[in-house]
Amino acid sequence: MTPNPYLWLIPLLPLAGAAINGFFGRRSSKKAITTVALVFCGAAFLMALLIAARFSSASAPYYFNLAHWLRAGSFQVDFSFYLDQLSLVMLLVVTGVGFLIHIYSVGYMWDDDGYYRFMSYMNLFMFFMLTLVLAKNYLVMFIGWEGVGLASYLLIGFWFTKDSAAAAGKKAFIVNRIGDFGFLIALFLMIKHFGSLDFTRVFTAVRPLSPETAGAGLLTAIGLLLMVGAAGKSAQIPLYVWLPDAMEGPTPVSALIHAATMVTAGVYMVARSSMIFERAPMAMMVVAIIGTLTALFAATIGIAQTDIKKVLAYSTVSQLGYMFMACGVGAFSAGIFHLMTHAFFKGLLFLAAGSVIHGIGGEQDMRKMGGLRTYMPWTFATMGIATLAIAGIPPFAGFWSKDEILWRAFGASWVYWLIGVITAFITSFYMFRLMYMTFGGEYRGAAAQEAHGHNAHGPDNHGPGHGEPHESPWVMLAPLAILAVLSLVGGFVGYGNRFEHFLAPVFRGATEVAQEASSEAGDSKLEYLLMAVSVSVAGLGWLLAYLLYSRRPQLPARIAQSLGGLYQAVAHKYYIDELYAVLFVKPLVDGSTTILWHDVDQGVIDAAVNDSADVARHVSDNVRHMQSGNLRSYAGWVAAGGAVVIAYMVWMGVR
Amino acid sequence: MIPLSYYLLLSGILFACGVLGFLIKRNIITIFMSIELMLNGVNLSFVAFAAQWHALSGQVFVFFVMVVAAAETAVGLAIIIAVYRTRETLNVDRVNLLKL
Amino acid sequence: MQMVPIGALKGDPGDIARLLFHDFLLPFEVTSVLILIAIMGAVVLASRPEAIARPHHGTPGPQETPELVATGKDHR
């Protein structure tokens, strides 16, 4: 472990940018705000590149203790930063994609009144995310964890005057908190049993322990609780419900936070804790099952959505499921690989969707789009590349990472593989459906726009009367182009197990298991066979989307009608939100209203204050009769008082 | 030879009569007389103890009590005269201008 | 049963004088002041209202002002 004194600068530069923009942005010019935001974010990216260039696996991992923090007997926690191969990958992804999205938001949010606030929040998010990624102990990671939740809340509810946006922000934060509860209990268990939250100390303590095959035990508990936290942050079953609602935020937010970086924090945390998970097979199985089921579940919901951002949101949930499936079967490096490629193509998808929305004046309903390939060729091209990537078509990036996951899943159990393949088919289908509905055919929006006259999707529209869809400015297109290139070539990083070998020192235990699995599963012929299956499945999805949305556009409506209730259930997200509302929200709200509000707050606390005032009033009401103006009653009181005094004296004398 | 308790009993009775009159009577002058009665009952008690313990200071104290009683009576009667001039009554229940 | 002998106390004036002017001198003096104040208060409280107001308003005329304190004018 070698010290690196520059590690702490990387998170703190965006924090400085956030502070400057936050405090002084209101009165600054937009150019100044832009400069501050981009300079600080870019500086962090530059530092990350420098560190990457000088990174050597021999002297890794790097660390740096910034300051003391907690001391409680033998337990201590410091503000420490840590950089190993895993952190480096995450660091480059976060700073790189983050910087590109910052540039994009300059164009997207330029006309917004809260422009300075937006850039400040984005920088703040970068600070917290980098703290999360570069932390040396679970507690500093938790700071980042909570902080990105906060930034997410601020950014989802950015247009806070809109009720749905404010509610979505609240929902995201609260559901996240439920996950954080599990995370915290895992931390407490670690403190109690390992006496520390520092990564090296915990993992050194865990390493000599043998895998818990009985299914019970400390490591399984920690693993499951960490998974609860990850499920909250990374939107897995059952805590995924906040992510579709989070689309209320501006599109760059959806791209950065809910596609590329924040939601991947859960995957990163699970990968970082691989030492613990490796020794708790049941927890790993739970992770894999949750991931697989979420992937399939979310993909099925995605087919029926009509809002372009909602489709991408459910796609994100589904792809995150793939990452957890990978971690669950022990293929941690494959999960991180998919995390990286997903950041590229999903970030690109969201940014391109934002470009589409921006270009047609704020409309997000795909049924009102169509034919946009002629109006926005660059957006069409880049989005197409991203769609090919996510569908898993070679040689784009998504193919390499998704196939790696499917291959390793097959090594664990063919069930995982089968569900993964079906999900890949559905993914390809809904992504190409999105492409055909948005860019294919004729533009359906003109008539609808004239009828409406004024769009109601967020204050980022161009205003009424701007009927013709148009391409976005270059400041928005440049990041699209860069991400498209990355989506194309990003996969080659993993060619020939290079990625895996790079991350090997981090996942020492996992690598051994993986090598066993790959040698067990046999020859590369099987691997190529499975590869062919997944590619053809992707192609089938494309074909089906082409048939349904390009050749015979009236078919989908008829199919939906004939499926009736099933289609309705899928279109309404299986009514999960309504189910949660009945099961959890309503009892809580009712309980709070009746018990906590009426009974405790009004009945006890308010009543105590009011009743003490009442008592004072009653006492004074009775005492005022003493002042009657009647001389004889005064005389009587004097006599009574004298009698009491005499009695007391006699009593004291007798004692 | 009179037992001490007789003196004290008499003193107590006098005091009790004084208190009763003080509380029950409506005529201001009667109330004042009751006050005097109370004070004299106490005087008797003082003298009895002084005689029993051969302590002359008991009698000197009676002296002071009487002086104070006289002063108080003087002032009290002056007040009665003033009240009578304004309220034209000696009924203590009618003197209720102190009521708020 | 405690008894009080009749004529137990001699009531010697010398003893009483010693108590009054030596041991209890302060209460004696204070009591005398008390009597003085009581007398003044009684006089003020019992006098007629116009008897006090007259020196300020002078209704009957300066000749009829009652001389509460001898000024020595009447000697001429």
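Higher on the page you've got the structure.
Caption draft 1: Expanded view of the interface of chain C and chain B. Opposite the 22 residues of chain C that make contact, chain B presents 23 residues. Secondary-structure elements contributing two or more residues to the side of chain C that touches chain B are strand S1 (3-4), helix H1 (13-23) and helix H2 (25-46) of chain C. The element best represented in the side of chain C that touches chain B is H2(C), accounting for 10 residues. Tallied by class, residues from the side of chain C that touches chain B come to 18 nonpolar, three polar and one charged. As judged from the two bridges shared by strand S1 (residues 2-3) of chain B and S1(C), these two strands associate in the antiparallel manner. By the bridge assignment for S1(C), B:Pro3 is matched with C:Met3.

Caption draft 2: Structural view of the pairing of strand S3 (residues 75-83) of chain A. Residues and elements named next belong to chain A. As defined by bridge partners, strand S2 (residues 62-72) adjoins S3 across nine bridges and the pair is classed as antiparallel. Following the sheet pairing, tyrosine 62 is matched in S3 by leucine 83. Once S2 ends, the chain turns through two residues before running back antiparallel as S3, passing glycine 73 with a positive phi of about 70°.

Caption draft 3: Quick peek at the interface of chain B and chain A. On the side of chain A, nine residues touch chain B, which itself brings 11 residues to the contact. Residue composition of the side of chain B that touches chain A, grouped by class: eight nonpolar, one polar and two charged.

Caption draft 4: Seen up close, the pairing of S2(A). Summarising the sheet, strand S1 (residues 2-3) of chain A and S2(A) pair through two bridges and their orientation is parallel. Along S2(A), the bridge assignment pairs A:Thr2 with A:Tyr62.

Caption draft 5: Looking closely at helix H17 (residues 377-391) of chain A. All names here are of chain A. With 15 residues, H17 extends 21 Å from end C-alpha to end C-alpha; this agrees with the ideal 21 Å at 1.5 Å per step. For H17, the buried fraction is high: 11 of the 15 residues fall into the buried class. Within the sequence span of H17, burial applies to Thr379, Phe380, Thr382, Met383, Ile385, Ala386, Thr387, Leu388, Ala389, Ile390 and Ala391.

Caption draft 6: Local environment of the packing of helix H2 (residues 30-53) of chain A against helix H3 (residues 85-108) of chain A. Residue and element names in this part refer to chain A. Where H2 meets H3, the closest approach of the two axes is 9 Å, and the angle between their N-to-C directions is 155°. Compared by their axis directions, H2 and H3 come out roughly antiparallel. Between H2 and H3 lies a crossing of left-handed hand. On H3, the residues touching Thr34, Ala37, Leu38, Cys41, Gly42, Ala44, Phe45, Ala48 and Ala52 of H2 are Leu88, Leu91, Leu92, Thr95, Gly96, Gly98, Phe99, His102, Ile103 and Val106. A per-class count over the contact of H2 with H3 returns 13 nonpolar, six polar and no charged.

Caption draft 7: Representation of the environment of A:Cys327 in the model. Residues and elements named next belong to chain A. Tracing the backbone shows cysteine 327 in helix H14 (residues 308-328). Given 32 C-beta atoms within a 10 Å radius, cysteine 327 is considered buried. On a C-alpha basis, the gap between cysteine 327 and isoleucine 405 in space is 9.1 Å, while along the polypeptide they are 78 residues apart. Look past the residues within four positions of cysteine 327 in its chain and what remains in contact with it is Val267, Val270, Ala271, Val287, Phe332 and Gly335.

Caption draft 8: Just the sheet that holds S2(A), in detail. Judged by pairing direction, the sheet is mixed, and its three strands sit side by side in the order S1-S2-S3 (chain A) without closing on themselves. Two strands bound the open sheet, and with one partner strand each, they are S1 and S3 of chain A.

Caption draft 9: Structural context of the environment of A:Ala313. All names here are of chain A. Considering the arrangement of structural elements, one finds alanine 313 in helix H14. With 15 residues separating them along the chain, alanine 313 and alanine 298 place their C-alpha atoms 9.0 Å apart. Beyond its immediate sequence surroundings of up to four residues, alanine 313 is in contact with Leu243, Pro244, Met247 and His258.

Caption draft 10: Representation of the arrangement of the chains. Here two pairs of chains are in contact, and chains B and C lead that list by number of contacts. Contact between chain A and chain C is absent, and the least distance between their C-alpha atoms amounts to 19 Å.

Caption draft 11: Unusual backbone geometry, seen in detail. In this model, A:Ile237 is joined to A:Pro238 through a cis peptide bond whose omega is -5°. Assignment of secondary structure puts A:Pro238 in the loop between helix H8 (218-233) and helix H9 (242-245). We note that B:Glu88 has phi near 60°; this positive angle belongs to a residue other than glycine. Relative to the elements of secondary structure, B:Glu88 occurs in the segment after helix H3 (57-87). Residue classification places B:Glu88 among the exposed residues on the basis of 8 C-beta atoms within 10 Å.

Caption draft 12: Inspection of the packing of helix H28 (residues 631-654) of chain A against helix H1 (residues 4-24) of chain B at higher detail. Interaxial distance between H28(A) and H1(B) falls to 8 Å at its minimum, and their mutual angle equals 150°. Taken together, the axes of H28(A) and H1(B) are roughly antiparallel relative to one another. Facing H28(A), whose interface residues are A:Ala635, A:Gly636 and A:Ala639, H1(B) presents B:Val19, B:Phe22 and B:Leu23. Considered class by class, the residues forming the contact of H28(A) with H1(B) number five nonpolar, one polar and no charged.

Parameters at a glance
- Residues numbered from 1 in each chain as written.
- Chains lettered and ligands numbered in written order.
- Predicted model: local features only at pLDDT ≥ 70, side-chain atom pairs only at ≥ 80, totals over all residues.
- Contact = placed C-beta atoms within 7 Å.
- Helix = DSSP H or I, 4+ residues; strand = E, 2+ residues; numbered from the N terminus.
- Nonpolar A, V, L, I, M, F, W, Y, C, P; charged D, E, K, R; others polar.
- Pairing = 2+ DSSP bridges.
- Expected span 1.5 Å × (residues − 1).
- Buried ≥ 20, exposed ≤ 12 C-beta atoms within 10 Å, placed from the backbone.
- Axes fitted to C-alpha atoms, helices over the stretch in contact; angles between N-to-C directions.
- Parallel < 35°, antiparallel > 145°, perpendicular 65-115°, else oblique.
- Left-handed = near helix turned anticlockwise from the far one by under 90°.

Remember, this is a structural readout, not a statement about activity or role.
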